[in-house]
Amino acid sequence: MGDPLANGKRYKVILWATGTIGRFAIRTILDRPNLELAGVWVHSESKDGQDAGTLAGLDAIGIAATRDAEALLASDADCVMYVGPGTSRPKEARDDFCRILRAGKNLVTTSIPGLVYERGSLSARYTGPLREAALAGGSSLFSSGVEPGFGCDLLPIALTTMSHTVYSIRGLEITNYSEYPVAFDVRDTFGFGMPLDYQGGLRTPGALRFGWGAAVTMVADAMGVTLDEIRESCEFAPATRRIDAASGVVEEGKVGAVWTRCIGVVDGVEAITIEHIDRMADDFAPDWPKGRDGGTDGIWRVIIDGEPSFDAEFQVGFRPGENTSNQGLLATGMRALNAIPWVCEAEPGIVDALHLPLTPAVGGMRPHRDGIRAF
């Protein structure tokens, strides 16, 4: 693997889709000395031909967005950053990935959480064509985000570098979803606003493993243990009042808080757990886990029982007036974007955070607060 910290290369990047994360990515790519925006793919006819800078809320930059994927993939770009929808259309996303990889383009994505590690979530039937396409194109695929991809998997692994003995690992994402606007994710997947006996979304058998089984498996492999099985649990708590959320109305008595657990069992013991404690209001489900100081939004917390014991936490969007949802989406996109140089230098195939070096934000240090801001 080449060294992106020392090789002086400038990597040409195609951005695939211009939703919230995509707009952040355009701004970041334009602001980085080691990255160059080589093109932008859009889905809608209304965006076709618009200037990429305009789509990102900036002045025009002379790069027109296009729906012509063939032309983009025929270019000399090094990498595609794919941030289109994936969880609602996994087969279609995989077809896109294979097309990109076979064209010889490296690929980073936030769209399929189960791809953060090759085992644990997705079957070989799903990942096999991706590996074949990557080998055929001499390209690499990397999937990441703030969670999974960092907060409840890579951060715990990093903490265990200081461990003598580890008895159990808990990674917790603690979030308020009232400002998250994607109705399908919030309602159909998580179940917010649904009746308390709703059995779809994350209560569907296998759904939690699809999302977070790969991350649990990555932690297990890092610890050198084999999982007996991966268990799932999903609890609902009612909204105690009506909420007008960004994704729609949540009526009193409907699902107002969701606690999911994806559990890796080692030697019969529930040893590695990724938990999501999600609320529509800070006072819903008051007895459920919170941050160390009682926080309920934008928090990732890792609790390791062992010698020594650890209770570590970080929060995004902690300053007054910051939109935690957007801050979390920015962090998610940057996990993929900042890895581009290392993914381009990796051997062909599916790569993961356990086997890549750290991927810092090269060129992102701005002591004078200059450059292009994300917000």
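Sequence positions are assigned chain by chain, starting from 1 and proceeding in written order. Under the rules for a predicted model, residues below a pLDDT of 70 receive no local features and side-chain atom pairs below 80 are neither given nor counted, while totals for whole chains, interfaces and linings still include all residues. Hydrogens and waters are ignored; side-chain quantities use all the structure's heavy atoms.

Colleague: Which residues make up the packing of helix α1 (residues 20-31) against helix α9 (residues 324-337), and what values go with them?
Modeller: Lines fitted to C-alpha atoms define the axes here, with helix axes fitted over just the stretch in contact, and angles between the N-to-C directions of these axes take values from 0 to 180 degrees. A run of H or I in DSSP counts as a helix once it spans at least four residues, and a run of E counts as a strand once it spans at least two, with each numbered from the N terminus. At their nearest, the axes of α1 and α9 sit 9 Å apart, and the two run at 60° to each other. Judged on the interaxial angle alone, α9 and α1 are oblique. The crossing of α1 and α9 is right-handed. Side by side, α1 and α9 meet where Thr20, Ile21, Phe24, Ala25, Thr28 and Ile29 of the first sit next to Asn326, Leu329, Leu330, Thr332, Gly333, Met334 and Leu337 of the second. Polarity classes work like this: nonpolar for Ala, Val, Leu, Ile, Met, Phe, Trp, Tyr, Cys and Pro, charged for Asp, Glu, Lys and Arg, and polar for all others, with Gly in that last group. Considering only residue class, the contact of α1 with α9 consists of eight nonpolar, five polar and no charged. Note on terminology: angles under 35 degrees are roughly parallel, angles over 145 are roughly antiparallel, angles of 65 to 115 are roughly perpendicular, and the others are oblique. Two helices crossing with the near one rotated counterclockwise from the far one by less than a right angle form a left-handed crossing, whereas a clockwise rotation gives a right-handed crossing. We call two residues in contact when some of their heavy atoms are within 4.5 Å.

Colleague: Provide a residue-level description of the nonpolar core, including the pertinent values.
Modeller: In globular proteins that are soluble, nonpolar side chains generally tend to be buried together. Throughout this description, the term nonpolar core refers to a set of buried Ala, Val, Leu, Ile, Met, Phe, Trp, Tyr and Cys residues connected via side-chain atoms within 4.5 Å. Categorising residues by exposure relies on relative accessible area from a 1.4 Å probe, with only protein chains included: less than 20% of the type maximum marks a residue as buried, more than 50% marks it as exposed, and the intermediate range marks it as partly exposed. In terms of nonpolar packing, the biggest core is built from 94 residues, with Met81 and Ile340 touching the most fellow members. With eight residues, the single largest contributor to this core is helix α8 (residues 207-223). Per the annotation, domain bounds derive from an automatic or database assignment of domains. A domain split of this core shows at least three residues from each of domain 1 (11-145 + 328-351) and domain 2 (154-315). Residue contacts for methionine 81: discarding those within four places in its chain leaves Val13, Ile14, Leu15, Trp16, Ile21, Ala25, Val108, Gly333, Ala336 and Leu337.

Colleague: An account of the environment of glycine 349 is requested, with residue identities and associated values reported.
Modeller: When you line up the elements, glycine 349 lands in strand β14 (residues 349-351). On the basis of relative accessible area, glycine 349 is assigned to the buried category, the value being 2%. In the structure, glycine 349 is positioned 68 residues away from alanine 281 in sequence and 42 Å away in space, judged by C-alpha atoms. Beyond its immediate chain neighbours, meaning those up to four positions away, glycine 349 contacts Arg131, Ala134, Ser139, Ser140 and Leu141.

Colleague: How would you sum up the layout of surface pockets? Please name residues and give values.
Modeller: There is about 870 Å³ of room inside the second largest pocket. Using a grid of 1 Å spacing that covers the protein atoms alone, one calls a set of points a cavity when a 1.4 Å probe fits there but cannot get out, and a pocket when the set is open and has protein on both sides within 12 Å along at least five of seven lines; lining residues are those with an atom within 4 Å of a point. In terms of lining, the second largest pocket is formed by 22 residues, of which the most central are Leu330, Gly364, Arg373, Ala374 and Phe375. Breaking the lining of the second largest pocket down by element, the ones donating at least two residues are α1 and α9. Here the lining of the second largest pocket is built from residues that sort into seven nonpolar, six polar and nine charged. Grid points are joined across faces, edges and corners, and a volume is the space filled by probe spheres set on the points.

Colleague: Could you give me a rundown of the sheet that holds strand β3 (residues 79-82), with the residues and numbers involved?
Modeller: Reading across from one edge, β2-β1-β3-β4-β5-β14 is the order of the six strands in this open sheet, with parallel pairing throughout. Two strands bound the open sheet, and with one partner strand each, they are β2 (35-41) and β14. For this sheet, the mean angle separating the axes of adjacent strands, direction not counted, is 25°. When DSSP finds two or more bridges between a pair of strands, those strands are recorded as paired. Relative to strand β4 (residues 106-109), β3 runs parallel, the two being bridged by four bridges. Residue pairing for β4: valine 80 is matched across the bridge by leucine 107. Together, β2, β3, β4 and β5 (140-143) form the strand contacts of α9, whose direction differs from that of β3 by roughly 160°.

Colleague: Quick one: what's the story with the sheet that holds strand β10 (residues 255-266), residue by residue and with numbers?
Modeller: Read across the sheet, six strands follow the order β7-β10-β11-β6-β12-β13 without closing on themselves; strand pairing throughout is mixed. In this open sheet, the two strands that pair with only one neighbour each are β7 (229-238) and β13 (310-315). With strand direction ignored, the average angle separating the axes of adjacent strands in the sheet is 15°. In the sheet, strand β6 (residues 165-176) pairs with strand β12 (residues 299-307) via nine bridges, with the strands oriented antiparallel. In the strand pairing of β12, glycine 171 is matched with valine 302. Here α8 sits on the sheet and contacts β6, β7, β10 and β11 (269-279); the angle it forms with β10, its principal contact strand, is near 40°.

Colleague: Now, about helix α5 (residues 124-137): what can you tell me, with residues and values included?
Modeller: In a regular helix each residue adds 1.5 Å, so 14 residues correspond to 20 Å; α5 covers 19 Å between its end C-alpha atoms and thus fits that length. Those residues of α5 that fall on the buried side of the exposure criterion are Tyr126, Thr127, Leu130, Ala133 and Ala134. Seen end-on, α5 carries its buried residues on one side only, within an arc spanning 120°. Along α5, the residues that are exposed and aim more than 90 degrees away from the buried face are Ala124, Arg125, Glu132, Leu135 and Ala136. Lining the buried residues of α5 we find α4 (90-102), β5 and β14. After α5 finishes, the residue glycine 138 shows a positive phi value of roughly 65°. Take the number of residues in a helix, subtract one, and multiply by 1.5 Å to get its expected span. By definition, the arc is the one covered by directions from the helix axis to the C-beta atoms.

Colleague: Report on the environment of isoleucine 340, specifying residues and quantitative values.
Modeller: Mapping isoleucine 340 onto the fold places it in helix α10 (residues 340-345). Along the primary structure isoleucine 340 and proline 4 are separated by 336 residues, whereas in three dimensions their C-alpha atoms are 9.4 Å apart.

Colleague: I'd like a rundown of the pattern of salt bridges, residues and numbers included.
Modeller: We define a salt bridge as a side-chain nitrogen of Lys or Arg found within 4 Å of a carboxyl oxygen belonging to Asp or Glu. Considering all chains together, one arrives at 20 salt bridges under this definition. The partner of glutamate 70 in a salt bridge is arginine 99, and the shortest N-O contact between them spans 2.8 Å. Of this pair, glutamate 70 sits in helix α3 (residues 69-73) while arginine 99 sits in helix α4, and the two are 29 residues apart along the sequence. Among the charged side chains, a salt-bridge network with shared partners connects Glu229, Arg231, Arg261 and Glu270.

Colleague: Break down the UniProt feature "domain: Dihydrodipicolinate reductase N-terminal" (unreviewed entry) in the protein chain for me, citing the residues and quoting the values.
Modeller: Residues annotated in UniProt with the feature "domain: Dihydrodipicolinate reductase N-terminal" (unreviewed entry) correspond here to residues 17-80. The span residues 17-80 is 33% helix and 14% strand, and its two end C-alpha atoms sit 10 Å from each other. UniProt positions are given in the numbering used here, feature names are shortened, and annotations may be inferred rather than shown by experiment.

Colleague: Which residues make up the packing of aromatic side chains, and what are the values?
Modeller: For Phe, Tyr and Trp, rings pair up if their centres lie within 6.5 Å, where Trp contributes its six-membered ring, and each pair is then called stacked (planes under 30 degrees apart), edge-to-face (over 60) or tilted (otherwise). Scanning all chains against the criterion turns up eleven aromatic pairs. Taking the centre distance of 5.1 Å and the plane angle of 75° together, the rings of phenylalanine 24 and phenylalanine 375 count as edge-to-face. Of this pair, phenylalanine 24 sits in helix α1 while phenylalanine 375 sits in the segment after β14, and the two are 351 residues apart along the sequence. Among the residues examined, phenylalanine 375 registers a relative accessible area of 47% and is labelled partly exposed. When the centroid spacing of 5.6 Å and the interplanar angle of 75° are considered together, the rings of tyrosine 177 and tyrosine 180 count as edge-to-face.

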